[in-house]
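What follows is each chain in one-letter form.
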Amino acid sequence: MSEWQTSEPNEQRKRLRKEEGDENKRKEEAKKRKEDEEVEKKKEEEEEEKRKEEEEEHKRKEEEEKKRKEDEHKRKEAEQKRKEEEEAEGGGGAQEERDLLFSPMHIGTNWALLVINIQEKEFHVYDSLRNKDRRDIPQDVEELRIYMKGKHIDSENWSLRYPDPCPQQGSGDDFAIFTCKYMECLAHRDTQGFPFSQNDMLTERAKFALHFIKAYFNAQEERSERI
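Structure report, in brief. (Residues numbered from 1 in each chain as written. Predicted model: local features only at pLDDT ≥ 70, side-chain atom pairs only at ≥ 80, totals over all residues. Heavy atoms only, no water.)

### Side note on the environment of Gly172
Argument step 1. Position of Gly172 relative to the elements: it lies in the loop between strand S4 (159–161) and helix H4 (175–187).
Argument step 2. Since its relative accessible area comes to 54%, Gly172 is described here as exposed. (Helix = DSSP H or I, 4+ residues; strand = E, 2+ residues; numbered from the N terminus. Buried < 20%, exposed > 50% of the residue type's maximum accessible area, 1.4 Å probe, protein only.)

### Quick word on a negative patch on the surface
Argument step 1. A grouping of Glu40, Glu44, Glu45, Glu46 and Glu47 is seen on the molecular surface, where their side chains present a negatively charged patch.
Argument step 2. Secondary-structure assignment places Glu40 in helix H1 (residues 3–90). (Patch = residues over 30% accessible without salt bridge, like charges linked within 9 Å, V, L, I, M, F, W, Y side chains within 5 Å. Areas by Shrake-Rupley, 256 points an atom, 1.4 Å probe, with all protein chains shown as cover. Salt bridge = Lys/Arg side-chain N within 4 Å of Asp/Glu carboxyl O. Lys, Arg positive; Asp, Glu negative; His and termini not counted. Charge placed at Lys NZ, Arg CZ, Asp CG, Glu CD.)

### Details of the nonpolar core
Argument step 1. In terms of nonpolar packing, the biggest core is built from 15 residues, with Leu113, Val115, Tyr126, Tyr182, Leu186, Phe194 and Phe196 touching the most fellow members.
Argument step 2. Within the residue set of this core, elements represented by two or more residues are strand S2 (110–117), H4 and helix H5 (201–226).
Argument step 3. Not counting chain neighbours up to four residues away, the residues in contact with Tyr126 comprise Ala112, Leu113, Val115, Pro163, Pro165, Cys166, Tyr182, Leu186 and Phe194. (Core = buried A, V, L, I, M, F, W, Y, C linked by side-chain atoms within 4.5 Å. Contact = heavy atoms within 4.5 Å.)

### Some points on helix H3 (residues 136–150)
Argument step 1. The terminal C-alpha atoms of H3 lie 21 Å apart, and with 15 residues this matches the ideal 21 Å at 1.5 Å per residue to within 8%.
Argument step 2. Buried residues of H3: Asp136, Ile137, Val141, Leu144, Arg145 and Met148, and no others.
Argument step 3. Residues of H3 that are buried make contact with strand S1 (100–107), S2, strand S3 (122–126) and S4.
Argument step 4. Just downstream of H3 lies His152, where phi reads positive at about 65°. (Expected span 1.5 Å × (residues − 1).)

### Overview of the environment of Arg130
Argument step 1. With respect to the helices and strands, Arg130 occurs in the loop between S3 and H3.
Argument step 2. Residue Arg130 is classed as partly exposed on the basis of its relative accessible area, which comes to 22%.
Argument step 3. When the C-alpha atoms of Arg130 and Gln169 are compared, they prove to be 9.6 Å apart, with 39 residues separating the residues in sequence.
Argument step 4. At 2.6 Å, the side chain of Arg130 and the side chain of Asp164 are in polar contact. (Polar contact = N/O pair within 3.5 Å; in protein donor to acceptor, adjacent residues only side chain to side chain.)

### Examining the packing of aromatic side chains
Argument step 1. Taken as a whole and assessed by the stated rule, the structure comprises 10 aromatic pairs.
Argument step 2. With a centroid separation of 5.5 Å and 45° between ring planes, the pair formed by Phe123 and Trp158 is classed as tilted. Of the two residues, Phe123 sits in strand S3 while Trp158 sits in the loop between H3 and S4, which places them 35 residues apart along the sequence. As far as the burial class goes, Phe123 and Trp158 line up, both buried. (Phe/Tyr/Trp six-rings, centres within 6.5 Å; stacked < 30°, edge-to-face > 60°.)

### Topic: the sheet that holds S2
Argument step 1. Across the sheet, 4 strands lie side by side as S1-S2-S3-S4; this open sheet has mixed pairing. Only two strands of the sheet have a single neighbouring strand rather than two, namely S1 and S4. Averaged over all adjacent pairs, the angle separating strand axes in this sheet is 25°, with direction ignored.
Argument step 2. Alignment of S2 against S3, held across 5 bridges, turns out to be antiparallel. Note on S3: the bridge partner recorded for Ile116 is Phe123.
Argument step 3. Along the sheet, H3 makes contact with S1, S2, S3 and S4, crossing S3 at roughly 145°.
Argument step 4. Against the sheet, H4 touches S1, S2 and S3, its axis set at about 20° to S2. (Pairing = 2+ DSSP bridges. Axes fitted to C-alpha atoms, helices over the stretch in contact; angles between N-to-C directions.)

By themselves these figures say nothing about function.
Put into structure tokens, the structure is as follows:
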């Protein structure tokens, strides 16, 4: 056998082994590429799932915050309604509250309270300086009679009275606080001697100031919630 004849099978075997190795390499590369693609796909799926979870969590928090604000608003409305009902009960009921209409009057340099007593068909004046002889009080009442007549309420024969008791002020400028206290006591039917006097004015001024401050901040808070 010649040298050429023996070398040809060897070359052929080498070529076959090389082709087989190349094929295995291609298969391994394809397998690795597929594995990398699956890893990348899984990573993208995990990121997408995480993004959805974050969106759901954000949405859940927004809904919880919205519900909290709605509940807080409902609670405040219920509290306000409860207070109004308590005030109505303390004042003898809604029907009795309509029996008295308050009309503060500016008399000269001070304030007084004109009360339209629907039930008794009278006009009552509560004045901390008792200006009974002031002509502007009857004049104001006459103007009120005209207005009421326009509303189909005949008050022509209603009398003008200055009820007692009526706490009086000392010197100073407490007439506005006295006027507010008259309304407060009458609204609550707490007129047995009117439980206040000049000595209570500093305390009453502080109470009114605190009330207005609270009302202001409550209004600001409700306004911010609506926004």
